[in-house]
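# Observations on the three-dimensional arrangement
The chain contents come next:
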Amino acid sequence: MITAVSESLPIRWGIIGAGGIATTVADDIGLSDGSVVGAVASRDGARASEFAARHGAARSYRSYDDLVDDDEIDVVYVATTHPNHRAHALLAINAGKPVLIEKPVCLNARHAREVFEAAERRKVFAMEAMWMRTNPLIRRARELIDDGVIGEVRGLRNEFGLGHPFDAAHRLYDLHNGGGALLDLGVYPVTFAYLFLGRPDEVRTFGTLASTGVDDAVAMQWLYGSEPRAQLWCSLSIDAPNEAAILGTGGWIAFAAPAFRPRGLVVHNRDTHYGIDDLLAGQGHGYGSEIAEVERCLRAGLLESPLVPHADTIAVLELLDRARADLGVRYPSE
Ligand SMILES: NC(=O)c1ccc[n+]([C@@H]2O[C@H](COP(=O)([O-])OP(=O)(O)OC[C@H]3O[C@@H](n4cnc5c(N)ncnc54)[C@H](OP(=O)(O)O)[C@@H]3O)[C@@H](O)[C@H]2O)c1
């Protein structure tokens, strides 16, 4: 099924779900020279047609099936809530369409394996929309660390607090809609720690639950051997600066908030102390590097992005599965 998209034609995106993040990412697709919003589908036909008009999409659908069957769509972007990602990703894959799936790619690692195996069987591109991994400053930090600028990495901290007041009806607090801090927010600190430190030998998790049964505030301590190297924290209800730092034997790198889309880096070691500015400043909402990565992979005929490998996405979900199990959070659709 794999067919590379021509260099000279824009990538035509079809969006499933016309909600919050779909609007934000569609804005950035509109800023890309290599992409256009081709079509959108929503359960609510009026919402779909308003969305299409706002983002210059040629077509809107009230049915997700019709969108994935649209021959003038090159890639499907699944922008529905977490419990729907698996079914909507499989819908696109089974129609032979490449797919970008919002984070977390699925509710758990078992579902994620199912999606990626289906994509591999059908030979279509699939990627979690973990935009942090495509961010140029995150990639720069990896290069600096690989070059030994801060010595051997020995510690890392990363937090994501949203400060969203409790609201039992909101998806973030709704167990039936995949609510909870770990899957919505914690996926960033966990991906960050996995990216820079790899798989821990042991994870200790502490947390509190909201009255709806979702995890609200969670702290994780990751041990490598007996050494506690990663301190990760997330919360739905508590606001936080959302900074991060990586500590090495010869220095440190600080990530200016928000760490999942850094506004700058500060690099410090015995010889030097300098800042690196936001490389995405003034370029939309910051999703341009993710859109560019999807464009690059589709034009190269790749099935998987080297920046967001399937194995890493699954490994992160395994860690989130284990943390949720420690807290006793289980989704009805699992
Ligand atoms: N990458 C990022 O920076 C980022 C930021 C925010 C969110 N996200 C992710 O994006 C996804 C959507 O988040 P959002 O804030 O955009 O959510 P949202 O606006 O509440 O919902 C998005 C869409 O999901 C569908 N939906 C919502 N509730 C549903 C339900 N109970 N049953 C079936 N479908 C439902 C609707 O599609 P229809 O239009 O068809 O009705 C809705 O428009 C989440 O997985 C989240 O983790 C990513």
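Bear in mind the structure is a predicted one, so any value in this text is a computation, not a measurement.

Our next topic: the overall build of the protein. Looking only at helices and strands, the protein has 9 helices and 14 strands in total. Computed over C-alpha atoms, the radius of gyration of the protein comes to 20 Å, within 12% of the 20 Å expected from 2.2 N^0.38 for 334 residues, which places it in the range of a compact globule. By principal-axis analysis of the C-alpha atoms, the protein measures approximately 55 × 45 × 35 Å. If you take every contact in the protein between residues at least 6 apart in sequence, the share linking residues at least 24 apart comes to 68%.

Further remarks concern the site of the ligand. Within the structure, the ligand sits among 21 residues, and Gly17, Gly19, Gly20, Ser42 and Thr80 are positioned closest to it. Looking at the shell around the ligand, the elements with two or more residues in it are α1 (20–31) and α4 (82–94). When grouped by side-chain class, the residues that make up the shell around the ligand number 5 nonpolar, 9 polar and 7 charged.

A common way to report how large an interface is uses the accessible area buried once the components associate. Per the domain assignment, the segments making up the protein are domain 1 (11–130) and domain 2 (136–279 + 315–327). On a C-alpha basis, the centres of domain 1 and domain 2 stand 27 Å from each other. Listed as interface residues are 11 residues of domain 1 and, on the opposing side, 10 residues of domain 2. At the level of secondary structure, the elements contributing two or more residues to the side of domain 1 that touches domain 2 comprise α4 and α5 (109–122). In the side of domain 1 that touches domain 2, the residues fall into 7 nonpolar, 3 polar and 1 charged.

We now examine the nonpolar core. Counting 100 residues, the largest nonpolar core has Ile15, Val40, Tyr77, Val99 and Ala126 as the members making the most contacts within it. For this core, the two domains that each supply at least three residues are domain 1 (11–130) and domain 2 (136–279 + 315–327). Beyond its immediate sequence surroundings of up to four residues, Ile15 is in contact with Ala22, Ala26, Val37, Val40, Tyr77 and Ala79.

The next subject is the sheet that holds strand β6 (residues 126–128). With parallel pairing, the 6 strands of this open sheet are ordered in space as β3-β2-β1-β4-β5-β6. With one partner strand each, in any of the chains shown, β3 (59–61) and β6 form the two edges of the open sheet. Ignoring which end each strand starts from, the neighbouring axes of this sheet average 25° apart. Set on the sheet, α1 makes contact with β1 (11–16), β2 (35–41) and β4 (75–78); between it and β2 the angle comes to about 150°.

Along the chain, the position of Glu304 falls in the loop between α8 (288–300) and α9 (310–327). Sequence-distant contacts of Glu304, defined by excluding residues within four places in its chain, comprise Pro309 and His310.

So, about the environment of Met220. Inspection of the secondary structure puts Met220 in strand β9 (residues 215–224). C-alpha of Met220 to C-alpha of Trp233: the two residues are 13 residues apart in sequence and 6.3 Å apart in space.

Moving on, we get to unusual backbone geometry. Of note, the bond from Lys103 into Pro104 is cis; its omega dihedral lies within 30 degrees of zero at -15°. Tracing the backbone through its elements, the reader meets Pro104 in the loop between β5 (99–101) and α5. Although it is not a glycine, Lys123 sits at a positive phi angle of roughly 55°. Note that Lys123 resides in the loop between α5 and β6. Judged by the 13 C-beta atoms lying within 10 Å of it, Lys123 is partly exposed. The phi dihedral of Asn242 is positive, around 60°, even though this residue is not glycine.

A few words now on the sheet that holds strand β8 (residues 202–209). The sheet built from 8 strands is open, its strands ordered β8-β9-β10-β7-β11-β12-β13-β14 with mixed pairing. In the strand order of this sheet, the two ends are held by β8 and β14 (273–277), each with one partner. Neighbour to neighbour, the strand axes of the sheet diverge by 10° on average, direction disregarded. As defined by bridge partners, β8 adjoins β9 across 8 bridges and the pair is classed as antiparallel. Among the inter-strand pairings, Thr205 is bridged to a residue of β9, identified as Met220. Against the sheet, helix α7 (residues 181–197) makes contact with β7 (153–161), β9, β10 (227–235) and β11 (244–248), and its axis sits at roughly 165° relative to β7, the strand it touches most.

Here the focus is α5. Along its 14 residues, α5 runs 20 Å from first to last C-alpha, staying within 8% of the 20 Å computed at 1.5 Å per residue. Along α5, the positions that sit buried rather than exposed are Ala109, His111, Ala112, Val115, Phe116 and Ala119. Around the axis of α5, the buried residues are gathered within 160° of arc, so they sit on the same side. Looking at the buried side of α5, the elements it contacts are α4, β6 and α9. Just beyond α5, the residue with positive phi is Lys123, at close to 55°.

Calculation notes
What you see as residue numbers is a count from 1 along each chain, following the sequence as written. Restriction of local features to residues with pLDDT of at least 70 applies here, the model being predicted, together with a cutoff of 80 or more for giving and counting side-chain atom pairs; totals for whole chains, interfaces and linings are based on all residues. Secondary structure elements are taken from DSSP: a helix is a run of H or I of four residues or more, a strand is a run of E of two residues or more, and numbering for both begins at the N terminus. For the radius of gyration, the atom set is restricted to C-alpha positions; the globular benchmark scales as 2.2 Å times the number of residues to the power 0.38. Once C-beta atoms are placed from the backbone, any two residues with those atoms within 7 Å are in contact. Nearness rests on one distance test: the residue's C-beta atom, set from the backbone, must lie within 6 Å of the molecule or strand. Classification convention: Asp, Glu, Lys, Arg as charged; Ala, Val, Leu, Ile, Met, Phe, Trp, Tyr, Cys, Pro as nonpolar; all other residues, Gly among them, as polar. Start and end points for every domain follow an automatic or database-based domain assignment. The nonpolar core criterion groups buried Ala, Val, Leu, Ile, Met, Phe, Trp, Tyr and Cys residues into a set whenever they are joined through C-beta atoms within 7 Å. Three exposure classes are used, all based on how many other C-beta atoms lie within 10 Å of a residue's own C-beta (placed from the backbone): buried at 20 or more, exposed at 12 or fewer, and partly exposed between those limits. Criterion used throughout: strands pair if DSSP finds at least two bridges between them. Helix axes use the C-alpha atoms of the stretch in contact, all axes being lines fitted to C-alpha atoms, and the angles between their N-to-C directions lie in the range 0 to 180 degrees. Expected helix span is taken as 1.5 Å per residue step, with the number of steps being one fewer than the number of residues. Note: the arc covers the axis-to-C-beta directions of the helix.

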